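# Remarks on the overall topology
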Amino acid sequence: MNGSLRWRIILTLVVAVVAIAFVLPSFPSLHTSGLKKVLPDSEINLGLDLKGGIHLTLGVDVDKAILNSVAQMGQDIRAEAREEGVLVLRPRVNDLGELTFVLLKKEQQASLEDILSSRFANLKVNGKTVQDNGQVLYTIGLKPDYRAKLEKMTLDQAVKTIRNRIDQFGVAEPDIRKQQDNRIQIQLPGLDDPQRAIKIIGKTAHLEFMLVDEEADVSKAVRGIVPPGSSLYQLQKRRADGSYAKQPIVLKDDVVMTGQYITDAKTQFDSYGQAYVSLTFNSRGARIFERVTGNNVKKRLAIVLDGKVYSAPTIQEQISGGRASITGHFTTDEAHDLAIVLRAGSLPAPVTILEERSVGPSLGQESIDKGVFSTILGMVLVLGFMVVYYRFAGMVADLALVLNIVLILAGLAAFGATLTLPGIAGIILTIGMAVDANVLIFERIREELRKGLSAKAAIQEGFGRATLTILDANVTTIIAAIILYQFGTGPIRGFAVTLTLGICASMFTAIFVSRIIFDLWIEKRKPGATLSV
Amino acid sequence: MGLQIIKPDTNYNIIGLRKIAFVLSGILILIGLASLVIKGGPKYGIDFAGGIVVQAKFQESVDVSEIKDALAPLNLPGLAVQRFGDAEANEYLMRTSQGTIKAEDVRNQVKEALTQGLDGKAFEIQRLEMVGPKVGADLRSKALEALFYAVLLIAIYISGRFEQRWMTAGIMAAGLAAGIYVLQLLSMPMTYLIVAAMIITVGLCWYLKLNYALGAVVALIHDITITVGIFSLLDKDFDLTIVAALLTILGYSLNDTIIVFDRIRENLHAKTAKTLGDTINISINQTLSRTLLTSGTTLIVILALYFFGGGVIHDFAFALLIGVVVGTYSSIYVASPILLGFSGSKGAGSEGAPATANAS
């Protein structure tokens, strides 16, 4: 045996053994055997469509978060200005998301703008109009780069929050990632109860503190006459029998503080044994809360979670120290769930479910069974056909094909790629196309034989000429696969990965491995033997 | 030597048949397009249109109309209920376009409505998919983008590889990018943008005399149009997996085309025949048995998938089935004849058909 051939055989055997080692762990029956210890850990990940599970796309209302933070800045500006003796009135957020407020004395423009530029570097003055009564109306917006940063932060925080929540409820291998257009994609494989997951994730727990509009006439508001700058809400009250009563309440639209400053939330019990949730704020939150309560003593502060008003206690005195509580006649369980969600982090902005795909585990198993059956059937048919058509060469092609499948499966396991239903289809298709490379070579060899070349020369010519064609043809399929991967989601990506692996494997087996067998045949053949192709 | 489908000395006059082939292709494309126009575009599945699909398995047989009645209180627009899979499996598929029902509540409400409306017949929701309208629109434009980039990159690759004209291919890409940019400024909808991009690509290939790319791209557009047309004709849903199938078809058909082109190039170098038409004819005949064999084995496995792969994969397999047949046909009867048609002046006196007729 010549040296090059020996090395090629060794290489092929090594590749085959490594590939088999990577494929074996995916068979559950092997998990209990002693072999498990020496094999790699990597298993083929089954996609949600095969394993069952849930796929969610959430839309994050980033604009709402930005509006909140603009409103917050309005409150901050007024407070800071007051310390310098500058009087600022009515900070509001207009329809364009800009902050507007009134400076009482136009002589103080310089000192106000000084405060703005020194302490609110992220804001810029979009416009100001001096009015006849000596007041100045300011319109202020976020600087574009800060706005972009804020958007990114909001989305990052939302991802983190969702991950925290899922971790609290223990799902194996969750996959949570940011997507463009302020979306978050969540994949929870093997989950039996999608409804519960959706409830946990979808609960926005968007906590807001808003002042009650004391001047508004609630009965008029119920009939639809709500004062400008305020809106009608329902205050939930739990009755003794466990049912809920709703009581209308009018709140000012300005959110004085949101839940983003919460560092901890706990269930506690008051002296009557009533459960409530106690909150701890971070230092910035503590400062804001202190100011809000200080400015609004004897007024009612409503605690709004996901648009529902839980309680609206009267502020007795300025609250410092960064603690607050949410009372709402909760049951212990309710308080507990609320605390979990708040501790895991309030979402910085409301989220909505844009896409949901969930597959039950039983359907997944059925899909696997059918997929595997049709794969094996297709494969057996092709294997048989090749032997009938090409005889000896057909057997070579079959060997290459089997190795090809092993390599694909090993590749899937090694790269941690996910096998999906279209992925199985990808393998099936690869089986059909994998023989293409062999067919090209064999047809070429037949042509050369017909031209009268010797078996050895025909094999050489056949492989040589077919190789370039195979490369050309496969590069284009890989281009299509890469594009599928780039633009596809979930199952389609799985398909693209499988297809790419299949093409690479088929080039290796057809060009390299088949050649070895033909070379071996040439070496061993008796004089005058004809090549069976 | 083993079996032979195609005898070695076969010489079908394929180029001679090209007029018939063009007419046949033209008719198929027109029928498909007519169906698309009459039905107001492709019938999008929930991936692209948004909506809800629920697959439920019942313990006992249930009438489709019973399920419809049970779901009636939910007021789901465009509700369609159908049996799914084997008759004895008692599986049903419920589809609807986007309703007013909130995503968070879909599962609960459907469950409740079915439980109440069917007197507690036991069932299990096996699969639930809900796609919001905005996500649907995004997925749609992404899918179109994918198809477009696939064709573009392939055109560039072929021009570079077959004619050693990477520069020209680059110019084509730049021209296309510029064209798309201008059209985007006019805020054209994605569908028209894609059609425009295809026209620009074909136009540029023609103008820059990238004949191989032209033949391949026209064959690809031919295959995709026919597959989409047949899907429209049969009222089959168009979703993400079908796009995956289309891209696969694209890769497959191109595979075929390139193998023929490769042989044409080789035979041109070797000066096998006098005219380009003859060279093409000889090349197609030489590769014919390979083409049929590969298509055959691929069809075998696709048929296995189609008949035994299960309901979820059924349409995907069907798209591949059409695609492989059309793709094989187009690489023989569309791509190469177009290559000939546009390189007409190059070969000595080869006006295609007459020259070939003499030779064969």
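Residues numbered from 1 in each chain as written. Chains lettered and ligands numbered in written order. Predicted model: local features only at pLDDT ≥ 70, side-chain atom pairs only at ≥ 80, totals over all residues. Heavy atoms only, no water.

## Some thoughts on the overall build of chain B
- What chain B contains, in helices and strands, is 12 helices and four strands.
- Reported as C-alpha extents along the three principal axes, the dimensions of chain B are approximately 80 × 55 × 30 Å.
- Relative to its full complement of 360 residues, chain B shows a buried share of 56%.
- Of all intrachain contacts in chain B linking residues separated by at least 6 positions in sequence, the fraction that spans at least 24 positions is 76%.
- Accessible area for chain B stands at about 15100 Å²; split by element, carbon and sulfur atoms hold 63% of it.
- Separation of charge centres in chain B, based on 27 positive and 28 negative side chains, amounts to 11 Å. (Helix = DSSP H or I, 4+ residues; strand = E, 2+ residues; numbered from the N terminus. Buried < 20%, exposed > 50% of the residue type's maximum accessible area, 1.4 Å probe, protein only. Contact = heavy atoms within 4.5 Å. Areas by Shrake-Rupley, 256 points an atom, 1.4 Å probe, with all protein chains shown as cover. Lys, Arg positive; Asp, Glu negative; His and termini not counted. Charge placed at Lys NZ, Arg CZ, Asp CG, Glu CD.)

## Description of the packing of helix 13 (residues 455-487) of chain A against helix 9 (residues 240-269) of chain B
- One way to put it is that helix 13 of chain A packs onto helix 9 of chain B with a least axis distance of 9 Å and a crossing angle of 155°. The angle between helix 13 of chain A and helix 9 of chain B places the two elements in the roughly antiparallel class. In this structure, helix 13 of chain A crosses over helix 9 of chain B, and the sense of that crossing is right-handed. Seen from helix 13 of chain A, the contacting residues are R465(A), L468(A), T469(A), D472(A), A473(A), N474(A), T476(A), T477(A), A480(A) and L484(A); seen from helix 9 of chain B, they are A244(B), L247(B), G251(B), L254(B), N255(B), I258(B), I259(B), D262(B), R265(B) and E266(B). (Axes fitted to C-alpha atoms, helices over the stretch in contact; angles between N-to-C directions. Parallel < 35°, antiparallel > 145°, perpendicular 65-115°, else oblique. Left-handed = near helix turned anticlockwise from the far one by under 90°.)

## A look at the interface of chain B and chain A
- Between chain B and chain A, the contact holds 69 residues from the first and 67 residues from the second.
- In this structure, the connection of chain B to chain A is made through eight salt bridges.
- A salt bridge links E266(B) to R444(A); its shortest N-O distance comes to 2.5 Å.
- At the surface where chain B touches chain A, the tally comes to 15 residue pairs in polar contact (both at pLDDT 80 or more).
- Of all the elements in the fold, those that place two or more residues in the side of chain B that touches chain A are helix 4 (106-117), strand 4 (123-131), helix 5 (133-163), helix 9, helix 10 (276-308) and helix 11 (311-342) of chain B.
- When residues in the side of chain B that touches chain A are grouped by element, the largest group, 15 residues, is from helix 9 of chain B.
- Classifying every residue of the side of chain B that touches chain A gives 35 nonpolar, 17 polar and 17 charged.
- Pairing of strand 17 (residues 351-359) of chain A with strand 4 of chain B involves five bridges; the strand directions are antiparallel. (Salt bridge = Lys/Arg side-chain N within 4 Å of Asp/Glu carboxyl O. Polar contact = N/O pair within 3.5 Å; in protein donor to acceptor, adjacent residues only side chain to side chain. Nonpolar A, V, L, I, M, F, W, Y, C, P; charged D, E, K, R; others polar. Pairing = 2+ DSSP bridges.)

## What about the UniProt feature "transmembrane region" (unreviewed entry) in chain B?
All names here are of chain B.
- Within the UniProt annotation, "transmembrane region" (unreviewed entry) is assigned to residues 20-38, 143-159, 166-184, 190-208, 213-234, 240-261, 292-310 and 316-340.
- As annotated, residues 20-38 comprises 100% helix and 0% strand, and the C-alpha atoms at either end are separated by 27 Å.
- Between the end C-alpha atoms of residues 166-184 the distance is 26 Å, and the span holds 100% helix and 0% strand. (UniProt positions renumbered as here; feature names shortened; annotations may be inferred.)

## Some points on the side chain of S506(A)
Residue and element names in this part refer to chain A.
- Structurally, S506 is set in helix 14 (residues 490-524).
- A relative accessible area of 5% means that S506 is categorised as buried.
- Dropping the residues within four chain positions of it, S506 is found in contact with N404, A434 and I511.

## Focus on the domain arrangement of chain A
- Entries for chain A in the domain assignment read domain 1 (3-45 + 361-524), domain 2 (63-147) and domain 3 (206-332).
- Averaged C-alpha coordinates put domain 1 of chain A and domain 3 of chain A at centres separated by 64 Å. (Domains from an automatic or database assignment.)

## Observations concerning the sheet that holds strand 5 (residues 123-130) of chain A
Residue and element names in this part refer to chain A.
- Taken together, four strands build an open sheet; the order of strands is 3-4-6-5 and the sheet is antiparallel. Lying at the two open borders of the sheet, with one neighbouring strand each, are strand 3 (88-93) and strand 5. Each neighbouring strand pair of the sheet contributes to a mean axis angle of 20°, computed without reference to strand direction.
- By the bridge criterion, four bridges tie strand 3 to strand 4 (residues 99-103) in an arrangement that is antiparallel. Within strand 4, the residue paired with R92 across the bridge is T100.
- Docked against the sheet, helix 3 (residues 62-83) engages strand 3, strand 4, strand 5 and strand 6 (136-142), running at close to 175° with respect to strand 3.

## A look at the side chain of T291(B)
Residues and elements named next belong to chain B.
- By the element assignment, T291 lies in helix 10.
- Overall, the relative accessible area of 2% leaves T291 in the buried class.
- When sequence neighbours within four positions are dropped, the list of residues in contact with T291 reads D256, T328 and I332.

## Some details on the environment of S69(A)
- Within the secondary structure layout, S69(A) lies in helix 3.
- Put simply, S69(A) and D472(A) are 403 residues apart on the chain and 56 Å apart in space, counted from C-alpha to C-alpha.

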